[in-house]
Number of protein chains: 4
Amino acid sequence: MNQQATSGRVGVFCVGMGAVASTMIAGVELARRAGRVPVGSLSELGAVPGEAAERRWADVLPLAPLDALVFGGVDLIETDAAGAARTAGVLDAADLAATADFLATVKAGRGLHDPGYVRLLPAVRARPETGKRAQLGAMVREYRAFFAGAGCARGVVLLTLSTEAWRDPGELHATPEAFLAAVDRDDPAVSPSQLYAWAALEAGYPVVNCTPNPVLDAPAIVTFAERRGLPIAGSDLKSGQTYMKTIVGAALGKRLLGVHGWFSTNILGNRDGLVLDEPQNFRAKEITKGGVLDDLLDAKRHPELYAGMEHQVHIHYYPPKGDNKEAWDAIQLFGWLGYGMELKINFQCRDSILAAPLVLDLARFIDLAAQKGAAGVQSWLGNYFKNPAPRPGEIPTNDVHVQLAALERQLLAWR
Amino acid sequence: MNQQATSGRVGVFCVGMGAVASTMIAGVELARRAGRVPVGSLSELGAVPGEAAERRWADVLPLAPLDALVFGGVDLIETDAAGAARTAGVLDAADLAATADFLATVKAGRGLHDPGYVRLLPAVRARPETGKRAQLGAMVREYRAFFAGAGCARGVVLLTLSTEAWRDPGELHATPEAFLAAVDRDDPAVSPSQLYAWAALEAGYPVVNCTPNPVLDAPAIVTFAERRGLPIAGSDLKSGQTYMKTIVGAALGKRLLGVHGWFSTNILGNRDGLVLDEPQNFRAKEITKGGVLDDLLDAKRHPELYAGMEHQVHIHYYPPKGDNKEAWDAIQLFGWLGYGMELKINFQCRDSILAAPLVLDLARFIDLAAQKGAAGVQSWLGNYFKNPAPRPGEIPTNDVHVQLAALERQLLAWR
Amino acid sequence: MNQQATSGRVGVFCVGMGAVASTMIAGVELARRAGRVPVGSLSELGAVPGEAAERRWADVLPLAPLDALVFGGVDLIETDAAGAARTAGVLDAADLAATADFLATVKAGRGLHDPGYVRLLPAVRARPETGKRAQLGAMVREYRAFFAGAGCARGVVLLTLSTEAWRDPGELHATPEAFLAAVDRDDPAVSPSQLYAWAALEAGYPVVNCTPNPVLDAPAIVTFAERRGLPIAGSDLKSGQTYMKTIVGAALGKRLLGVHGWFSTNILGNRDGLVLDEPQNFRAKEITKGGVLDDLLDAKRHPELYAGMEHQVHIHYYPPKGDNKEAWDAIQLFGWLGYGMELKINFQCRDSILAAPLVLDLARFIDLAAQKGAAGVQSWLGNYFKNPAPRPGEIPTNDVHVQLAALERQLLAWR
Amino acid sequence: MNQQATSGRVGVFCVGMGAVASTMIAGVELARRAGRVPVGSLSELGAVPGEAAERRWADVLPLAPLDALVFGGVDLIETDAAGAARTAGVLDAADLAATADFLATVKAGRGLHDPGYVRLLPAVRARPETGKRAQLGAMVREYRAFFAGAGCARGVVLLTLSTEAWRDPGELHATPEAFLAAVDRDDPAVSPSQLYAWAALEAGYPVVNCTPNPVLDAPAIVTFAERRGLPIAGSDLKSGQTYMKTIVGAALGKRLLGVHGWFSTNILGNRDGLVLDEPQNFRAKEITKGGVLDDLLDAKRHPELYAGMEHQVHIHYYPPKGDNKEAWDAIQLFGWLGYGMELKINFQCRDSILAAPLVLDLARFIDLAAQKGAAGVQSWLGNYFKNPAPRPGEIPTNDVHVQLAALERQLLAWR
C-alpha cells in the first residue's frame, strides 16, 4: 500500500545537532539495527482507532519507514552526531558504542551564529557569511546540497537549535516582502531561526519548529509557506513538565476545582539549560510555558475558580543534573466550600529521551502532510507543542485530548 | 424552562450519614443561604459546550434546583447531620456554626448492621430487625416514610456508607429470584448494601452506589432496576488519588511511554480509614482501585510497554491526618530506548471536600435520568466512579476524557 | 531563687512589628492567659541536662518570666501589634480574637525609612527626621521613652525588620569613630538597621539581629557594644529550610557521603517575600543562606566528596502561600564507589510560627547575658542564626549539635 | 606506627554473601586496584579531631589496611561473590567487569537453612547437617578452615544474612548453659543467626550483627562473648531511611517542636525486600525501626509535644526498584501555639551502596577492639545500628551526634 509514495530516501535535516537530534538519530538506528522499541513514538507504536484488527498508523498511511530516513544538519559546535551524542551525555556507554560508527557518518555543517541571539554558547563553527542575505542564500544551498547529496526523494527541516534571546515579532515580520527587505538591510530583528526556516521553504522543504523561537509567530513566514505550498508546524516541543502540566491542569479544570496558584520550577544541566540561564533567552521559554494553563483553567469562564491565579515558571541551569531535567510543581487548589488542598508533582525526567520520539513523529507527519499537498500551518499537530500555532480563525487549545482527537481525525482523513 | 419537571421537592436519602454526606448537605445549605460557590460541581458550574452564550447545564436541563433539595438518611452512629459533621471534622468552626441549626434538622434513622461486613465501627444505632427479609421490609418503609414525610415529588437514594468486607458475588446474585430466596434464608452473602439498594428500588427510587461495595456487580440488582424502570449507577467515587491516577495514566499511555511500576500509598484518619484497616474491607477498595490502569496502560495492546507492570495500592489508617487524606504515588516509567524516569505525585487532599460535589452531581443526574424514564445502569455517569458499571455489551473505560464525552453526549441528548 | 535578678518588668522592643513579632507577642499572651504551650521555646521547655529530677532552664537561671515581659516597637506600616497580626494572617480567627485586645495595647512608633534599602514596602509611617544623625538621636529617645514609660527594670532590642538591600560593609564600618563620621555626613552606606542597633547600644540596651542585614558584620558596632558593656547577637534566624539544611548537611558530612549538588527553592507570600523579590534585598539572604553548608560539607578537607558541589538557593514571592512558606530541596548525593542517590525534602512550614519561639528565647537569653555582664558578641547563641557571628578568633560552625553544646555549656556556667 | 599490630592478613567472613557483602568486597578491591575512593567509610576517610595537621584514623590507629583484607563467607544461594554481585544488580557493567575475576575467587561455603526462619528464599545451598549441635560444630570448623586456609593473623565474622522470622528471646537465651541445652535438644527457638554467632565466638572470632535478627538481644551470647574475651556489636545497620529519621527526629526534638505523626513507607525490590514480604520476618525490622524515635522525641519528658504520636513504618517488596530502595516519610509536626506543619522526605537511595562502607568500618573497628582486648558489647559503635546494643547499665541513644561523640572518644582513647 502506498508503495510509490513512500519509496526512496527521506532526508531529515536537523538545524542544531545537539542532545535531542543525536538521541533521536541514535534511537532510529538502534531500532533499525537491533530492533529496539521506539518507545514514545506515536507514528511507530500508535494504533489506528476503530479498527477490528490491530493496525498501526504506518500500516495505513504512507509514513516514511525508518529504513528510508537519512540524517544531516548543521551545528555551531559539533561536527557530527557522534560528537553531539558524546557531549550530550544522554546515551549510556553501551548504546553510544553500538551507534558511534553510524553517528559519525551523520555530518553537521556550519551554522548561523548571531551573538545577539545566543551569547553563552562557544559557537566555534559559525558560517563565514556575515550579511543576512548572504546567510540566507548559503543555507538554501546547504539544504539543497544535503538532500541532493544523500539522494533523497523527499526531505524535511527540523529546527532543533538552542533557545534564542526573545524579540517580539514586529512590522518586518508581517509580510514576506517586509521580511525580505529586513533581511536585505541586515535588520537585527531577523533571527537565525527565521533565516533557517525561510531558507528551507525557499529550497522547497517543510519546516517544524521544535524550539520556542518565534518562527510561526511571524506571519511573513507562514504566508511564505502557503505561497510555496509547503506545510509548517510549531512551536516548542511539549515533552516533560509542560506535558504533565497540561494534563493535570485539564483534569482540575474539568472537575471544576479552583486553583489559587501553580508554581513550577525546573533544574537542568544540559546545553539547553546553559542558554536559558540568560534572561533574554529564558523569556522565549517563559512565553511558551506561561500560557499553557490559560484555556484549561479559564478565568474568563470561571472567575470564581481561577481569577487571580498565580502561575510562575522558573528554569535554573544546574549542572549536576546533566540532561536529566527535574521539575517540581506545587499546586494550591481548592474544592467544595473553598477548602484548600495541595498537589505536588516531582518529575525526574530526561529531556532528550522525551523529545526524541516527538521529533521523529513530527518529521514523519510533516512529510506526510507534504505528500498530501497540505500547505501552511498544520495545526492538527498541536499536541506536540507548548505553543501550538493555529490556522487562521482557529482558537488553539492546550487540552491534549482535544489535540489528539484532531490529530486522529486528520490521519484518518488521509488514510 | 422545564418548570413543571423541576417543581416540587426532591428528596436525597443518604444511606450512611458520615463525612461525605454531611459535608455535601452543609455545602448545599451554604450555597442556598450565603451564596457560597459549589466548587467542583459539574451540575452547578459546568458550561454547556457548543453554545454561543455562556449557559450552564441547569439552564437547559430539568435538574433539581438546590432550593428544592431536602435531605434525610440513616446511620449506625449519628442521629443527625450536625453530629455527623462534628464527628467528621471536615468543616471549619465558622462553617459548622453557620450550618449547625440546619444540619440538626436533617435526621438519620437507624441503619442495618451486620458485623460480618463491618467490624471496627461502634454501631450503636442498628435497627432492631434481625432477619434479612424483615430488614428489607423495614428499609422500604423507612424510605417511603421519609420521602412522604418530607413532601417530596421525587427522590433518590445514595449509598454513602462505609466499605464492607468484600465477598465475591455468587449464584445468589445472578437473578432477582435467587437473590430474594437468599434474603429469605438469611444467607450471609447478602450484604447490607445490597439490601439498601434493593429496598430503594422496591420503594420506587433510583440508586447511586458511591461505595466500593458490590451492588451493581450483582446482576440480580441491575435486573431488578430494569424491571422497576429505575436508573442505577456506580461504583465507588473517583475523587482523589484515583482520579489523578487515571489522568496521569491516560497521559502516559497516550504518549506511549512505558511503565515498569506504579506504587500508590494512602494515609487517612477518618472513619473510612478505620474501616479499611480491616483486610477484608480493604479488599473491596483494592479491587476498585486496582483495575483503573488496565485499559489506560494496556498490556495486551502494548506488551512492549506495559507487560509485567507492577501496580500496588496501599491504604493505611493514620489518625493524625483526620479527613485530610494524603496520597503518594511513585511511578517508574521509561521512554525512548527504554531509558528510565521517575514521577512522584503527592496529593494532600480532603476526602469529603472532593467527594461532596460528586455526590451532589450524582443525586441530580440520577434524578434527571429518572425523569427521562431511563432504566438500568447509567453508564454515562462513569466519570464519577473508580469501577464504572457498564451497560450490557459496553466495555467500560477509565479514561476520564472518554467518560466526560459520554456524559456530555447524554446531557445534550436530553436537552 | 534569683528572685531579685528577675524582679521587675523586662521590655522587649521589636524594631519591625510584622508577622514574627506579632506572632511571638500573641503567643506569649496566650501562654500567660490561657496556659497555651510555648512550643519550640528552649527557654521555656528545655530541660537542664544532667539533672536527677526534671528541671527546666527557667528553674535554675534568672530568665525573665513570661509575666514580666512588656512589648513595644516601631513599624513603617502598622500602628500596633493587633494590626500587624491581622496583616500577617498567621493566627487563626480564634487566636486573633482571643488576643486582639491585648495586641492593640502594644503600640508601634514610627520607623526609619530609607528607600535605598527597602523599595517595595509602602512605608506610610516613616519618622520625619531626614538626616542620619537626627534619626539616630530620635531612636535613642524612642527606646528610652518606651522602656521608661513601661516601667521596665531591664530591656532588650530585637531587630525584626525587613531584609534590606545588601551593601558590603566598608571602611566606614571598621571603627566606631568612622561609623559616627559616616552618620554625620549622611553616608548612604549607613543602613537603617545599623542606626537602630547603634541607637539601642547608645541608649544602653542589648541587641539581637534577627535579620540578614549586616549589623554584626560591622566591626564598628561590635566594638561599640563592647565599649558599652552590652551583649549583642546575630544574624538571621535559622528557622525553616536552613535549619533542616544544616541538619541534613551535617548528617551527610558525618557519614562522609559525597554531594554533587544541592538545589533549594522557597516560595512564600508574606511581606518578607515581597521585599526579597527585589534582587538587592535577596542578596542579603543569599549570603546568609549560601554559606551554611561550607563547614558541614567541607570541600577543603574532603575535595573527593565536595569539590565543585553546586549549591543554589532561590526565593520566590508567591502570594498564594501567605505566611506559609514552602521549601523544596533536591540533593544529588553519592556513596560507595561514587554511585548516585537523590534526596528530596519538602517542608511546608510557617515562617512566623517557627521564628516566634526563637525570638522569645533570644530576648530572654540576651537579657540573661546582660544580667551576667557579658559584653560583645554572644556566640554561644549561634544555633539560632543562619550566619552566626563569632567572637574574635573563633571559627563559627553551622553544626547545630556543636552550637547547642556551646549554648548548654554557657547556660550551665551561669547557673 | 603500630606496624606489628597490623601486620598479616585479616580475614573478613561474611555470613550471607548477598548484595551488601559483594558490594563491599568489590569496592575494597576497586580501591586497592584502581584507587577508587571508599566513599562513606569513616575508617578510611574520617579525620582525627583536634589535630593540627590533617590526619585520618588509619594514621593513628592499628586499623587493618585495605591491602590486608581477605574475604570469605557462606551463602544459601550463591557460590561466590561474583555470582552474588551479578544477582544483586548493584554494580554497573563496568565495575562488575573490572572486579569479576577477583570476586570469583571469594568463595562462599554452604549456609545453615531453617525454613522456620526464612521461607521465601530458594535455599539451594544449605548445609547437610540437620541437628543444631551438628550445625554449630560444622560452622566452627568452617570458620577455622577459612581463616587458616587464607593465612589470616586475625579475623572477624559479620552477620550479613537475610532477616529471619522474629521470635522474642526467651528463657533459653538467658545464659550460655541454657542456650547450649536448647541447642542440644534442637529447640526451634534457636535461630541460624544465633548459631552463626555462637560458633564464631567459639572459634575465637569477634562478631558484628548487621541484621535485625536477635543475637545481642540474647544475654547468653553476650555473656559467652565476655567469657571468650571477644568483642561483639549490633544490631541492624542504620543506613538509609532510618539514618535520615534519627537525624531529622533529633533536629525536631532539639527544637522542641511537637510531632503528631510520622509515617514512613519503603519500597525495595532486592532479596532483602522479598524476605521482608513475609510478616514474621518484617516483624524483626519493625522492632528495630520502630523504636528509633523514642528517645529523640521523648513523650515521657515532653508529653505536651509527643504524647500520642503516631509512628508507622511500612516496607513493601516492589520489584521495579531492584536494589534502589526508595523511602517516603510524611511528618506532621506542630510549632508555636500548636500550629501544624508538614515535612516530606523522599530518599531514593541504594541499600547496598549505603551499607557497604558501614560494613567495612565495622569489620575494621571490631578487629581493632579485638586487638585492644575489649570484650563483650562494643556500644561505642552504636552509630552504625538501628538497634544499638548497650553495655550493662547504659541507656542506649539513637542520637547520631551523641553516638559519634562516643565513637570518637573510644578511638582517641585507643590512639
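Residues numbered from 1 in each chain as written. Chains lettered and ligands numbered in written order. Predicted model: local features only at pLDDT ≥ 70, side-chain atom pairs only at ≥ 80, totals over all residues.

**Examining the relation of the copies chain D and chain B**
Structural alignment of chain D on chain B gives an RMSD of 0.0 Å, achieved by rotating through 180° and translating 0.0 Å along the axis. The superposition of one copy onto the other is thereby described by a two-fold rotation axis. A shared interface surface links the copies, since 100% of the contact residues of chain D are contact residues in chain B too. (Least-squares fit on C-alpha atoms with pLDDT ≥ 70 in both. Contact = placed C-beta atoms within 7 Å.)

**Considerations on the domain arrangement of chain A**
All names here are of chain A. Partitioning chain A into structural domains gives domain 1 (9–237 + 353–413) and domain 2 (241–348). Computed over C-alpha atoms only, the centres of domain 1 and domain 2 are separated by 26 Å. Classifying every residue of the side of domain 1 that touches domain 2 gives ten nonpolar, nine polar and five charged. (Domains from an automatic or database assignment. Nonpolar A, V, L, I, M, F, W, Y, C, P; charged D, E, K, R; others polar.)

**A word on the interface of chain B and chain A**
Each partner contributes residues to the interface: chain B has 50 residues there, and chain A has 49 residues. For the side of chain B that touches chain A, the elements supplying multiple residues, two or more each, are α2 (19–34), α3 (42–45), α11 (241–254), α14 (303–306), β10 (340–348), α15 (351–371) and α16 (400–413) of chain B. For the side of chain B that touches chain A, the element with the most residues is β10 of chain B, which contributes eight residues. Of the residues belonging to the side of chain B that touches chain A, the class tally is 28 nonpolar, twelve polar and ten charged. Bridge analysis of strand β10 (residues 340–348) of chain A against β10 of chain B gives seven bridges, and the strand direction is antiparallel. Paired with Lys-344 of chain A across the strands is Asn-346 of chain B, a residue of β10 of chain B. (Helix = DSSP H or I, 4+ residues; strand = E, 2+ residues; numbered from the N terminus. Pairing = 2+ DSSP bridges.)

**Quick notes on the interface of chain D and chain B**
Each partner contributes residues to the interface: chain D has 18 residues there, and chain B has 18 residues. Breaking the side of chain D that touches chain B down by element, the ones donating at least two residues are β7 (258–268), β8 (310–317), β9 (326–334) and β10 (340–348) of chain D. Of all the elements, β7 of chain D adds the most residues to the side of chain D that touches chain B, at five residues. For the side of chain D that touches chain B, the class distribution of residues is seven nonpolar, eight polar and three charged.

**Notes on the sheet that holds strand β2 (residues 69–75) of chain B**
Residue and element names in this part refer to chain B. Strands sit in the order β3-β2-β1-β4-β5-β6-β11 across an open sheet of seven strands; the sheet is parallel. At either end of the open sheet lies a strand with only one pairing partner, and these are β3 (108–110) and β11 (376–377). By the bridge criterion, three bridges tie strand β5 (residues 207–209) to strand β6 (residues 231–234) in an arrangement that is parallel. By the bridge assignment, Asn-209 is partnered in β6 with Gly-234.

**Focus on the relation of the copies chain B and chain A**
Laying chain B over chain A is done by rotating through 180° and shifting 0.0 Å along the axis; what remains is an RMSD of 0.0 Å. Most of the interface of chain B is mirrored in chain A: 98% of its interface residues are interface residues there too.

**Structural notes on helix α11 (residues 241–254) of chain A**
Residues and elements named next belong to chain A. In this model α11 runs 20 Å from its N-terminal to its C-terminal C-alpha over 14 residues, within 8% of the 20 Å that 1.5 Å per residue would give. Burial of α11 is extensive: 13 of the 14 residues sit out of reach of the surface. Of the residues one or two after α11, Leu-256 is the one with positive phi, at around 55°. (Expected span 1.5 Å × (residues − 1). Buried ≥ 20, exposed ≤ 12 C-beta atoms within 10 Å, placed from the backbone.)

**Things to note about the pairing of strand β4 (residues 152–159) of chain A**
Residue and element names in this part refer to chain A. Within β4, six of the eight residues are buried, leaving the element largely enclosed by the surrounding structure. Of the strand pairs in this sheet, strand β1 (residues 9–15) and β4 are connected by seven bridges, and their pairing is parallel. Bridge pairing in β4 links Arg-9 to Cys-152. Relative to strand β5 (residues 207–209), β4 is paired through three bridges, and the arrangement is parallel. Directly across from Leu-158, in β5, lies its bridge partner Val-208.

**Points about the environment of Ser-264 of chain A**
Locating Ser-264 of chain A in the fold gives a position in strand β7 (residues 258–268). Those residues in contact with Ser-264 of chain A, other than ones at most four positions away along the chain, are Gln-241, Lys-245, Gln-312, Val-313, His-314, Ala-327 and Asp-329 of chain A.

**Brief notes about the packing of helix α7 (residues 132–149) of chain B against helix α9 (residues 192–203) of chain B**
All names here are of chain B. Across the interface, α7 lies against α9 with an axial gap of 8 Å and an inter-helix angle of 50°. The angle between the axes of α7 and α9 places the two elements in the oblique class. Handedness of the crossing formed by α7 with α9: right-handed. Packed against α7, whose contacting residues are Lys-132, Gln-135, Leu-136, Met-139, Val-140, Tyr-143 and Arg-144, the element α9 presents Leu-195, Tyr-196, Trp-198, Ala-199, Ala-200, Glu-202 and Ala-203 at the interface. (Axes fitted to C-alpha atoms, helices over the stretch in contact; angles between N-to-C directions. Parallel < 35°, antiparallel > 145°, perpendicular 65-115°, else oblique. Left-handed = near helix turned anticlockwise from the far one by under 90°.)

**What to know about the packing of helix α2 (residues 19–34) of chain A against helix α6 (residues 93–105) of chain A**
Between two packed helices, the angle of one axis relative to the other and the distance separating the axes together describe the packing. Residue and element names in this part refer to chain A. It is the contact of α2 with α6, at a shortest axis distance of 10 Å, that shows an interaxial angle of 95°. When the axis of α2 is compared with that of α6, the two are roughly perpendicular. In contact with Ser-22, Ile-25, Ala-26, Glu-29 and Leu-30 of α2, α6 contributes Asp-95, Ala-98, Thr-99, Phe-102 and Leu-103.

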